[in-house]
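Each chain, written out:
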Amino acid sequence: MPYLDRADAPPQLNNALRILEDAQGAPLCSEDLSALIAAALAELQSYEQARRRREHHLTCLWACSPQLHWIADRENDLVWVSRAWTELTGRPIQEALGHGWRQFVHPDDADQYFAAAREARFASGSYDLRFRGLTADGSYRWLRTRAVGRDDETAGAAFVYGVTEDVHDQVVAEAALERLVERSELVGLATNDIIWDRDFDANQLTWSRAIGAFCEDPAEATWTWWENNIHPADREPTLASLRAFLADSAAPRWQLEYRFRRPDGSYATFLDRCYVLRRDDGSPRRMIGAMTDLSARVEADAKIKQLQSELIHVSRLSAMGAMAATLAHELNQPLAAATNWVGVASVLVQRSADVPEQAGSALDQARASIARAGEIIRRIRTMLWRGNNNREVHDIRALIDESLRLALIGATASGIACRVVAHSIDIFVDRVQIEQVLLNLVRNAIEAMASQSRRELLITARPNGEFAEVTVADTGPGLDEELQARLFTPFVTTKDQGLGVGLSISRTIIEEHGGSIRAIVNPDGGTTFVFTLPRARQVSEDGAR
Ligand code: ADP
């Protein structure tokens, strides 16, 4: 008979005892009495057996349970604990009883644990928490306790009943998983990439948080959404390329650049790269990819192209200007001489009687033509220089950065260590012209260092009174005296492909801006070009004068 069926034994025994007495408390007849006592004893026996069986069952259950079962009183003193205590802590049960269990809680977790336990000691309070507990090998392991407070009416007191189990492996695995998830998120943040994960089995597409910049609700970022937001001109080529990749069972990686729509309707340029995991039959099982936003680089490239074309344009004009300047200079003397000779001829014509009258007017015409030739050269020169002036306030540091970016294209690989130490100084200049000067000086420096083992380029900018002073120093071979003297003269070059107009143009530009330029040979080798430009405030004050 299962003991639970006999749970009504005590009431039956009560009944039997009540029947032993009549209403006034007098005993009943002996026959009935002995039968009733026998029945009561039988009941008692079976009740006692049931109780023992129940105790045995519970003891067996607790013995095979890896969990620790325990009971504490209102003061959170343990009154009973299952044998698992000894297995977990390697200590006798007596050490757990009373307050003893407390010293097995890790000091860092003790406050939180004891506070929760205090809360639960009143009837129906409960707690569920993780803490570190001291175990048999002396190490702390993560444990989890779930406990509940209950009134025990038979004892007229409240007890806390709890189960404590070892969850160390689970906590460690959870922490490892958390770190893994965090790492993948950090990778996304570090690269600023949008990471995506397409699971073909589960038909699921998941994105890293960065997708939030392109889609308000990431749940809406389905595969179709992605397809639809590719730039119309790039969509078909992109999808065709991806289809071909997925169909090629041997290809593990795919990458492509395409434009992708931003929420404001503009397009970002992305480089999308992915890796695919395939089933045995070669069909895709899972694809993980990273979309790198190239927009800033693409825009910078476009800007560089524009600057380059501006510079090429201005270079041509400058070269023409330099030639015109040279011509003006070179022709000036012969023209002046021609004017003198014409003057002499006029005097001779006036003095001699046998020269025809028209000779005088022919010489006047010649003088006028010479004067006109000089004027034409002067005007061409003025037009070429002044016609390109578009002066505004610029920060010299920004101009240095921009020129350097242009000049270093292709040069970084040649191992040049480049350093800029520039103050932020406003100057009132034609940006393109000053960038052309800087570009010319930096390119000359790079070319000068090409065959040197030490290749260091230092550009500085600092205020010097009313001027901004810029230096471009290299560790090239320096300049010999003869070259130094003719450096800024047009068409002086030591290069096979050189034109020899760069420095003369640079000087004209700097002087046109009210500054000066010179070259210094460094004591420890190399050359330093120094140029000055008036600071912006000074220019506007001058302009107001
Ligand atoms: P190009 O570069 O076409 O020769 P430039 O007028 O810019 O014309 O330079 C004239 C010459 O000055 C160069 O050929 C070179 O011999 C010399 N030069 C310019 N810059 C440097 C430098 N940093 N170090 C040594 N020599 C230089």
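Residues numbered from 1 in each chain as written. Predicted model: local features only at pLDDT ≥ 70, side-chain atom pairs only at ≥ 80, totals over all residues. Heavy atoms only, no water.

Participant: Which parts of the structure should I look at to understand the overall build of the chain?
Facilitator: Scanning the chain from N- to C-terminus turns up 14 helices and 17 strands. Residues counted as buried form 35% of the 545 residues belonging to the chain. Taking the intrachain contacts of the chain between residues at least 6 apart in sequence as the baseline, contacts between residues at least 24 apart amount to 57%. (Helix = DSSP H or I, 4+ residues; strand = E, 2+ residues; numbered from the N terminus. Buried < 20%, exposed > 50% of the residue type's maximum accessible area, 1.4 Å probe, protein only. Contact = heavy atoms within 4.5 Å.)

Participant: How should I be thinking about the site of the ligand in this particular structure?
Facilitator: What surrounds the ligand is a group of 21 residues, the closest being D474, T493, T494, K495 and L503. For the ligand, a nitrogen atom lies 2.8 Å from a polar atom in the side chain of D474. Between the ligand and G502 there is a distance of 3.3 Å, counted from an oxygen atom to a backbone nitrogen or oxygen. Relative to its unbound accessible surface of 530 Å², the ligand loses 92% to contact with the protein. Here the ligand occupies the largest pocket. Looking at the shell around the ligand, the elements with two or more residues in it are α11 (431-449), α13 (502-512) and β17 (527-534). The element best represented in the shell around the ligand is α11, accounting for four residues. Of the residues that constitute the shell around the ligand, the class distribution is 10 nonpolar, nine polar and two charged. (Near = heavy atom within 4 Å. Polar contact = N/O pair within 3.5 Å; in protein donor to acceptor, adjacent residues only side chain to side chain. Areas by Shrake-Rupley, 256 points an atom, 1.4 Å probe, with all protein chains shown as cover. 1 Å grid on protein atoms, 1.4 Å probe; cavity = no way out; pocket = protein on both sides within 12 Å on 5 of 7 lines; lining within 4 Å. Sits in = over half its atoms within 2 Å of the grid points. Nonpolar A, V, L, I, M, F, W, Y, C, P; charged D, E, K, R; others polar.)

Participant: Honestly, the state of the cysteines in this entry has me stumped. Any pointers?
Facilitator: Structurally, a disulfide amounts to a covalent bond that connects the sulfur atoms of two cysteines. One pass over the structure, following the stated rule, counts zero disulfides. Here C60 stays free of any disulfide, with the sulfur of C64 as its closest cysteine sulfur at 7.6 Å. (Disulfide = S-S within 2.5 Å.)

Participant: Mind showing me how you'd approach a nonpolar patch on the surface here?
Facilitator: Taken together, the side chains of I37, L41 and L44 present a nonpolar region at the surface, about 250 Å² in accessible area. With respect to the helices and strands, the residue I37 is situated in helix α2 (residues 30-64). Residue class for I37 comes out partly exposed when judged on its relative accessible area of 38%. (Patch = residues over 30% accessible without salt bridge, like charges linked within 9 Å, V, L, I, M, F, W, Y side chains within 5 Å. Salt bridge = Lys/Arg side-chain N within 4 Å of Asp/Glu carboxyl O.)

Participant: Is there a simple way to think about the sheet that holds strand β15 (residues 467-473) in this case?
Facilitator: Sheet strands line up and pair through hydrogen bonds in the backbone, either parallel or antiparallel. Across the sheet, which stays open at both edges, the five strands sit in the order β12-β14-β15-β17-β16 with mixed pairing between neighbours. For this open sheet the edge positions go to β12 (417-422) and β16 (517-521), each flanked by a neighbour on one side alone. If you compare each strand with its neighbour and ignore which way they point, the axes differ by 15° on average. (Pairing = 2+ DSSP bridges. Axes fitted to C-alpha atoms, helices over the stretch in contact; angles between N-to-C directions.)

Participant: Sorry if this is basic, but what is going on with the pattern of salt bridges here?
Facilitator: Opposite charge on two side chains makes pairing possible when the charged atoms of those side chains draw close. Scanning the entire structure with this criterion turns up 23 salt bridges. D166 is paired through a salt bridge with R141; the nearest N and O atoms lie 2.7 Å apart. Residue D166 is found in strand β5 (residues 157-166), and its partner R141 is found in strand β4 (residues 140-152); the two are separated by 25 residues along the sequence. Assessed through its relative accessible area of 24%, R141 is described here as partly exposed. D234 is the salt-bridge partner of R259, the closest N and O atoms lying 2.9 Å from each other. Here D234 lies in helix α7 (residues 232-247) and R259 lies in strand β8 (residues 253-261), a separation of 25 residues in the sequence. Relative accessible area serves as the criterion here: at 15%, D234 is assigned to the buried category. Here the salt bridges share partners, and the residues they tie into one network are E48, R51, R52 and E55.

Participant: Can you help me understand the nonpolar core in this one?
Facilitator: Within soluble globular proteins, side chains that are nonpolar tend to cluster in buried spots. Formed by 47 residues in total, the largest nonpolar core has its most connected members in I400, I434, L441, V442, L457, L487 and F531. When neighbours within four sequence positions are excluded, L487 is seen to be in contact with L479, L503, A519 and F529. Listed in part, the 26 residues of the second largest apolar core include W225, L246, A251 and V276. (Core = buried A, V, L, I, M, F, W, Y, C linked by side-chain atoms within 4.5 Å.)

Participant: It is not clear to me how the sheet that holds strand β9 (residues 267-278) should be interpreted in this structure. Could you clarify?
Facilitator: Spatially, five strands are ordered β7-β6-β10-β9-β8 in an open sheet, and the strand pairing comes out antiparallel. Single-partner strands in this sheet number two, and they are β7 (204-207) and β8. On average, adjacent strands in this sheet sit at an angle of 20° to one another, irrespective of strand direction. Judged from the nine bridges that link them, β8 and β9 form a sheet pairing that is antiparallel. Of the residues in β9, the one forming a bridge with Y258 is F270. On the sheet, α7 packs against β8, β9 and β10 (284-293) and is oriented at approximately 160° with respect to β8.

Participant: Help me understand the packing of helix α10 (residues 396-407) against α11 in this model?
Facilitator: Axis separation between α10 and α11 bottoms out at 9 Å; the angle between their running directions is 50°. Classified by the angle between their axes, α10 and α11 sit oblique to one another. Read as a crossing pair, α10 and α11 show a hand that is right-handed. Contacts from L399, I400, E402, S403, L404, L406 and A407 in α10 reach R431, I434, E435, L438, L439, V442, R443 and I446 in α11. Counted by class, the contact of α10 with α11 contains 10 nonpolar, one polar and four charged residues. (Parallel < 35°, antiparallel > 145°, perpendicular 65-115°, else oblique. Left-handed = near helix turned anticlockwise from the far one by under 90°.)

Participant: What exactly am I supposed to notice about the layout of surface pockets here?
Facilitator: Unoccupied space between atoms shows up once a probe the size of one water molecule is rolled over them. The computed volume of the largest pocket comes to approximately 1100 Å³. Contributing to the lining of the largest pocket are 36 residues, with N440, N444, E447, K495 and G502 lying nearest its centre. The set of elements that each furnish at least two residues to the lining of the largest pocket consists of α8 (295-351), α11, α13 and β17. Of all the elements, α11 adds the most residues to the lining of the largest pocket, at nine residues. Grouping the constituent residues of the lining of the largest pocket by class yields 18 nonpolar, 14 polar and four charged. (Points joined across faces, edges and corners; volume = space filled by probe spheres on them.)

Participant: Even after reading the chapter, I still don't get the side chain of D109, so can you show me in this structure?
Facilitator: Among the structural elements, D109 can be located in helix α4 (residues 107-120). Classification of D109 as buried rests on a relative accessible area of 6%. Setting aside anything within four residues of it in sequence, one finds D109 in contact with F131, R132 and W142.

Participant: For this particular structure, what's the right way to read α13?
Facilitator: Each α-helix turn comprises 3.6 residues. Residues three or four places apart therefore point the same way. Buried within α13 we find L503, S504, I505, S506, T508, I509 and I510. Of the residues flanking the end of α13, it is G514, one or two places downstream, whose phi is positive at about 90°.

Participant: Teacher, can you tell me more about the confidence of the model for the chain here?
Facilitator: Interpreting fine coordinate detail is not advised for predicted regions of low pLDDT. Here the chain shows a mean pLDDT of 85. Residues at 70 or above account for 85%. Within the model, pLDDT remains below 50 along residues 1-7, and this stretch shows 11 contacts once partners closer than five positions in the same chain are excluded. Below a pLDDT of 50 lies the segment residues 538-545, which in the model reaches four contacts outside its immediate sequence neighbourhood of four places, other chains included. (pLDDT = per-residue confidence, 0-100.)

Participant: Can you help me understand empty space enclosed by the protein in this one?
Facilitator: Under the criterion given, the structure shown has one cavity of 30 Å³ or more. Its boundaries defined by the atoms lining it, the largest cavity holds a volume of some 220 Å³. Taken together, 20 residues form the lining of the largest cavity, with W85, W101, Y113, F131 and T164 sitting closest to its centre. Of all the secondary-structure elements, those providing two or more residues to the lining of the largest cavity are β1 (68-72), α3 (84-89), α4, β3 (126-134) and β4. The biggest single contributor to the lining of the largest cavity is β3, with four residues. Here the lining of the largest cavity is built from residues that sort into 15 nonpolar, five polar and no charged.

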